[in-house]
Amino acid sequence: MDLRIFTEPQQGATYDTLLTVAKATEDLGFDAFFRSDHYLRMGSVDGLPGPTDAWITLAGLARETRRIRLGTLMTAGTFRLPGVLAIQVAQVDRMSGGRVELGLGAGWFEEEHKAYGIPFPKEKFARLEEQLAIVTGLWATEVGKTFDFHGTYYDLTESPALPKPAQKKVPVLVGGHGASRTPRLAAQFADEFNIPFAGIEDTERQFARVRAAAEEAGRGADALTYSNALVVCVGRDDREVARRAAAIGREVDELKANGLAGSPAEVVDKIGRYAAIGSQRIYLQILDLDDLDHLELISAQVQSQLS
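An account of the accompanying structure is given in this report. Note that the structure is a prediction, hence the values are computed from the model and not measured.

Procedures and definitions
- Residues numbered from 1 in each chain as written.
- Predicted model: local features only at pLDDT ≥ 70, side-chain atom pairs only at ≥ 80, totals over all residues.
- Heavy atoms only, no water.
- Helix = DSSP H or I, 4+ residues; strand = E, 2+ residues; numbered from the N terminus.
- Rg over C-alpha atoms; globule rule 2.2 N^0.38 Å.
- Buried < 20%, exposed > 50% of the residue type's maximum accessible area, 1.4 Å probe, protein only.
- Contact = heavy atoms within 4.5 Å.
- Salt bridge = Lys/Arg side-chain N within 4 Å of Asp/Glu carboxyl O.
- Core = buried A, V, L, I, M, F, W, Y, C linked by side-chain atoms within 4.5 Å.
- Pairing = 2+ DSSP bridges.
- Phe/Tyr/Trp six-rings, centres within 6.5 Å; stacked < 30°, edge-to-face > 60°.
- Lys NZ or Arg CZ within 6 Å of the ring centre and 35° of its normal.

1. Side note on the overall build of the chain
Right, so step 1: Scanning the chain from N- to C-terminus turns up 11 helices and 12 strands.
Right, so step 2: Taken over the C-alpha trace, the chain has a radius of gyration of 19 Å; the compact-globule value for 307 residues is 19 Å, and the two agree within 12%.
Right, so step 3: Considered along the principal axes of its C-alpha atoms, the chain spans approximately 60 × 45 × 35 Å.
Right, so step 4: Classification of the 307 residues of the chain by burial places 54% in the buried group.
Right, so step 5: Restricting to contacts in the chain with at least 6 residues of sequence separation, those with at least 24 account for 72%.

2. Overview of the pattern of salt bridges
Right, so step 1: For the coordinates displayed, the defined rule picks out 22 salt bridges.
Right, so step 2: Taking the shortest distance from any N to any O, the salt bridge between Arg-244 and Asp-293 comes out at 3.0 Å. In this pair, Arg-244 is assigned in helix α8 (residues 238–247) and Asp-293 in helix α11 (residues 292–306), connecting sequence segments 49 residues apart.
Right, so step 3: A relative accessible area of 4% means that Arg-244 is categorised as buried.
Right, so step 4: With its nearest N and O atoms 3.3 Å apart, the salt bridge here joins Glu-266 to Lys-256. Within this pair, whereas Glu-266 is found in helix α10 (residues 264–276), its partner Lys-256 is found in helix α9 (residues 252–258), the two being separated by 10 residues in sequence.
Right, so step 5: On the accessibility criterion, Lys-256 (31% relative accessible area) is partly exposed.
Right, so step 6: The structure contains a network of salt bridges with shared partners spanning Arg-236, Glu-240, Arg-243, Arg-244, Asp-291 and Asp-293.

3. Remarks on the nonpolar core
It is characteristic of soluble globular proteins that their nonpolar side chains tend to be buried jointly.
Right, so step 1: Judged by nonpolar contacts, the single largest core of 76 residues is most densely connected at Trp-55, Trp-139, Leu-260 and Leu-284.
Right, so step 2: Broken down by element, this core gets its largest block of residues, 8 residues, from helix α5 (residues 124–140).
Right, so step 3: Contacts of Leu-284, omitting those with residues within four sequence positions, involve Leu-3, Arg-4, Ile-5, Phe-6, Phe-30, Leu-230, Val-232, Leu-260 and Ile-298.
Right, so step 4: Counting residues in each nonpolar core, the second largest holds 7 residues, with Phe-6, Ala-32, Phe-34 and Tyr-283 among its members.

4. Side note on the pairing of strand β8 (residues 172–175)
Right, so step 1: Sheet topology note: the strand β5 (residues 100–105)/β8 ladder contains 2 bridges and is parallel. Counted as the bridge partner of Gly-103 is Leu-173 from β8.
Right, so step 2: Bridging between β8 and strand β9 (residues 192–196) involves 3 bridges; their strand directions are parallel. Residue pairing in the sheet places Leu-173 in a bridge with Glu-192 of β9.

5. Details of the environment of Leu-28
Right, so step 1: Relative to the elements of secondary structure, Leu-28 occurs in the loop between α1 (15–27) and β2 (32–35).
Right, so step 2: As for Leu-28 and Glu-296, which are separated by 268 residues in sequence, their C-alpha atoms are 6.8 Å apart.

6. Topic: the packing of aromatic side chains
Right, so step 1: Inspection of every chain in the model, using the stated rule, returns 6 aromatic pairs.
Right, so step 2: Consider the rings of Tyr-39 and Phe-79, whose centres lie 4.6 Å apart with planes at 20°: the pair is stacked. Note that Tyr-39 is positioned in the loop between β2 and α2 (54–64) and Phe-79 in the loop between β4 (75–76) and α3 (82–96), a separation of 40 residues in sequence. The same class applies to Tyr-39 as to Phe-79, namely buried.
Right, so step 3: These aromatic residues form a ring-pair network of at least three members: Tyr-39, Phe-79 and Tyr-116.
Right, so step 4: Arg-181 extends its terminal NZ or CZ atom over the ring of Phe-125, reaching a point 4.2 Å from the ring centre.

7. Quick notes on the environment of Ala-62
Right, so step 1: Following the sequence through the fold, Ala-62 ends up in helix α2.
Right, so step 2: A C-alpha to C-alpha distance of 9.3 Å links Ala-62 and Gly-98, two positions 36 residues apart in sequence.
Right, so step 3: When residues no more than four places from it in sequence are discounted, the contact partners of Ala-62 are Leu-70, Val-92, Met-95, Ser-96 and Arg-99.

8. A word on unusual backbone geometry
Excluding glycine, residues mostly have negative phi values, and the peptide bonds linking residues are mostly trans.
Right, so step 1: For the bond running from Leu-48 to Pro-49, omega is 10°, close enough to zero to count as cis.
Right, so step 2: Note that Pro-49 resides in the loop between β2 and α2.
Right, so step 3: Here the bond from Leu-73 into Met-74 is cis, since omega is -20°, no more than 30 degrees from zero.
Right, so step 4: A positive phi angle is found at Glu-158, which is not glycine, with a value near 50°.
Right, so step 5: With respect to the element layout, Glu-158 can be found in strand β7 (residues 155–159).
Right, so step 6: You will see that Ala-161, though not glycine, has its phi angle at about 55°, which is positive.
Right, so step 7: Turning to its location among the elements, Ala-161 is positioned in the loop between β7 and β8.
Right, so step 8: On the basis of relative accessible area, Ala-161 is assigned to the buried category, the value being 4%.

This is how it looks when you write it as structure tokens:
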């Protein structure tokens, strides 16, 4: 079971804070550092000092880390034109020496689009399908050849399809809870399927849909990696769990029901239940980015038991 660190910087984080967490992620033996792609805080937090851009952040981290994978859960398709996104991701992949992964989603948070003047189209999912086809198509085009795409929303003519990523194939993540279109897109384009903030039963049901879609597409169900994103709140005792829950404005019982919370033994047990229904990777949503002791505890007493 791979454990990856997943952050939500729109809730309030500087680049320096993210760098500190990314370096701790690397030093403590976690597999990857991922971040959300949002421009507006959610809930009652103030979000200060304001948002940081996902791919600018990852470009900086690409030069200041050496081992960990770097990526997004999920880049909002509404934020970037697909041709430009292909260039950005390829460049950051080269800057990192081939450690980048692209999670790409349709975009959903209308308020942040209004706040920063970003168009929020109604037909987001159909656009996402074209975006995935374009980004992966540009990367797959042989050097010296051109790429054309004539869709409903995007039109590319004689693109040189450059630059190329350092990796022969940048892993692409597709995720979500949709019962039909999401599994189909994952089967067609994704290397990994991620379901965010889902319980055991919902995860098992959605994994089955994606596996069936992959078989139907002729890829085979095991061609994809299957993963979860879950909030985490671990403590050495009940008092420490309660303190960490309060720090992120959550209740312990709710966190235990909907995420990975409690003692290291409780969290290891629950991760084992996800592994039993096919989850191969967990993105641990860390909401208090100043609590590096939390990461150290997870590394020492959770990750060590899963190795």
